[in-house]
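Tertiary structure, described
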Amino acid sequence: MTPSDALIHKYNQQIPRYTSYPPANFFIPQSGETLRERLMLSNTSKPNNISIYIHIPFCSQQCWYCGCNSSVCSQTDIIDTYLQSVLQEIASIIPLLDSSRKISQIHFGGGTPSLLKIEHIETLLNLFSKTFSYTDSAEIAMECNPADLSFTYISDLIKLGITRISMGIQDFDHTILQAVHRKPPHIPIHELRKHIQSLGAQVNFDFMYGLPYQTLDSFKETILQAIANRPDRLVTFSYAHLPSMKKHQQKIDDLPMATGKEKIQMLYEAYHSFTQAGYTAIGLDHFALPEDSLAQAVDKGTLHRNFQGYCSAEQTGQVYAFGASAITQLADSFFQNTRNFNDYISAIQKNNSAVESGYIVTQEEQLVSSLIESILCNKIIDWEYIAHKNNRDLTSTKAFFSFAHNSVSDLISDNLLAETNKGYRVYEQGKFFLRNIAAAFDPNMYSGKTKKFSSSL
Ligand code: SF4
């Protein structure tokens, strides 16, 4: 059963997505020098593995729903110059890292990384392979626009060592893709998926719900097609319509879009259908086949989350990020590069660093961060675990969160959260309000330090 209208109305609030704590809009100016100091310290931080993120900000055309940091550009000379800067940035950071550490994760995100030529990807990967070895379960993943993909390109990616290809399908219905100015694929998705899996790599399907013209029935159809394909992982992202912040979204301002209630029905439909089809729910909107490392991490209660999304304990690490807008995520700090790719190129050419902002996380914020991660990943709060993880005693840990008392009582009386002998667990219908539950334990939500966030539903 989907949650009641009253609950949807009550909890449809503007709150953080909690991809990090504190969220990125709390970042303040930081320097490349501070980054270098923290990078050297990160060699002894836990988890010890190296996780790499490379941001490719270019796209061949602008999708009207886009919320990413991307620019329309297919000019090879600009892409080449940008990549030279990324290579320069990587080359300046590698000597600061202990070469006995291993890479557990490399992620190409965007924008559209599938705009890159195979030679570009090879050069980038070689730079890391010259210095570091990889963990046994290391994953090299790339976000791709299915419209760019050919069989040859996929084969070449997999030959280079790419182990996971995420296809941003958004919807199988071409009328909806047309309305949001997104090219449909030339090769049917099921053929691309078969080809990737036949070469031994894994496939993610990414969808978006809440787009113009999507209805519950049309989305059900997309879900059925997704299940028939049986990809290794599925993700359903909620579309956040923020035309005042993302000007291109004004192009779809007048088109019919799902209400908060309809969006939650779509999410419920996806959750119900994917779990019925044998997928394990990862958090709320990610799904994985039982043999997938994320599903196994859920079973073991060792699921983690960083700016690259959910990951297992084996794959998590200190995240070193390269490219415009990329966010480096260390044990106790964040550093974000400048967002504009031209500014990024100039900054790297001048200083070898494009760091613009960041945040040094206090011990109390780390405590909040681990509690929120526990809610979003494992849907429980275990006070002893949280206290132990933060080297604190149980009494002071519980006392720190006393500000949440009234909100938690409210969540309990709304049957979203239940008290247990260890702490709390999220009720079945509470899974649809994970961000709201996390926000109840976020001191910033009570202190007036509010920022602009998207709606929770
Ligand atoms: S391809 Fe992705 S990143 Fe590029 S405009 Fe479309 S949604 Fe945004």
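Residues numbered from 1 in each chain as written. Predicted model: local features only at pLDDT ≥ 70, side-chain atom pairs only at ≥ 80, totals over all residues.

**Describing the domain arrangement of the chain**
Heads up, the rule is: Start and end positions for the domains come from either an automated domain assignment or a database one. Each residue gets a C-beta atom placed from its backbone, and two residues are in contact if those atoms lie within 7 Å. Helix numbers and strand numbers start at the N terminus; a helix is a DSSP run of H or I with at least 4 residues, a strand a run of E with at least 2.
The domains assigned to the chain are domain 1 (1–22 + 363–457) and domain 2 (24–327). Just the C-alpha atoms count here: the centres of domain 1 and domain 2 sit 26 Å apart. Residue-level contacts link 19 residues of domain 1 with 20 residues of domain 2. The set of elements that each furnish at least two residues to the side of domain 1 that touches domain 2 consists of helix H1 (5–11) and helix H12 (363–378). Take the side of domain 1 that touches domain 2: its biggest share by element is 4 residues, from H12.

**Here's the deal with the site of the ligand**
Going by this rule: Being near a molecule or strand means, for a residue, that its backbone-placed C-beta atom lies within 6 Å of it. Residue polarity is assigned by list, with Asp, Glu, Lys and Arg as charged and Ala, Val, Leu, Ile, Met, Phe, Trp, Tyr, Cys and Pro as nonpolar; anything else, Gly included, falls into the polar class.
Every residue close to the ligand is listed here: Cys59, Gln62, Cys63, Cys66, Cys68, Ser70, Gly110, Gly111, Thr112, Asn145 and Gly168. When the residues that make up the shell around the ligand are grouped by side-chain class, the tally is 4 nonpolar, 7 polar and no charged.

**Details of unusual backbone geometry**
Glycine aside, negative phi is the norm for most residues, and most peptide bonds take the trans geometry. The residue after tyrosine 21, namely proline 22, is reached through a cis peptide bond having omega -5°. The residue proline 22 is located in the loop between H1 and strand E1 (28–29) in this model. With an omega dihedral of 20°, the bond running from glycine 110 to glycine 111 counts as a cis peptide bond. At tyrosine 213, a residue that is not glycine, the phi angle is positive and equals roughly 70°. Within the secondary structure layout, tyrosine 213 lies in the loop between strand E8 (202–209) and helix H8 (216–229).

**Concerning the nonpolar core**
Nonpolar side chains in soluble globular proteins tend to end up buried together. The criterion, for reference: Residues enter a nonpolar core if they are buried, belong to Ala, Val, Leu, Ile, Met, Phe, Trp, Tyr or Cys, and are joined to the set through C-beta atoms within 7 Å. Burial in this document is a count-based property: other C-beta atoms within 10 Å of a residue's C-beta are tallied, and the residue is buried at 20 or more, exposed at 12 or fewer, or partly exposed in between, with C-beta positions derived from the backbone.
Ile165, Ile372, Ile375, Ile437 and Ala438 are the most contacted members of the largest nonpolar core, which totals 118 residues. At 7 residues, the largest contribution of residues to this core is made by H12. Among residues more than four places away in sequence, those in contact with alanine 438 are Tyr18, Ile372, Ile375 and Leu376.

**Quick word on helix H11 (residues 341–351)**
For the record, the criterion: Taken from the helix axis, the directions to the C-beta atoms give the arc we talk about.
Of the residues making up H11, those classed as buried are Phe341, Tyr344, Ile345, Ala347 and Ile348. Projected down its long axis, H11 carries its buried residues within an arc of 165°, all on one side. Those residues of H11 hidden inside the fold are in contact with strand E4 (71–72), helix H3 (76–93) and strand E16 (333–337). Among the residues trailing H11, asparagine 352 stands out with phi positive, at a value near 65°.

**Some points on the packing of H8 against helix H9 (residues 260–276)**
Helix packing geometry: the angle between the two helix axes and the distance between the axes. Applicable threshold: All axes are obtained by fitting lines to C-alpha atoms, using only the stretch in contact for helices, and the reported angles, taken between N-to-C directions, cover 0 to 180 degrees. Roughly parallel here means an angle under 35 degrees, roughly antiparallel means over 145, roughly perpendicular means 65 to 115, and every remaining angle is called oblique. Crossing handedness follows the turn of the near helix against the far one: under a right angle anticlockwise gives a left-handed crossing, and clockwise gives a right-handed one.
Their axes nearest at 10 Å, the elements H8 and H9 cross at an angle of 25°. Judged by the inter-axis angle, H8 sits roughly parallel to H9. As for the relative orientation of H8 and H9, their crossing is right-handed in sense. Residues Leu216, Phe219, Lys220, Ile223 and Ile227 of H8 form the contact with H9, whose own contacting residues are Glu262, Gln265, Met266, Glu269, Ala270 and Ser273. When its residues are assigned to classes, the contact of H8 with H9 shows 6 nonpolar, 2 polar and 3 charged.

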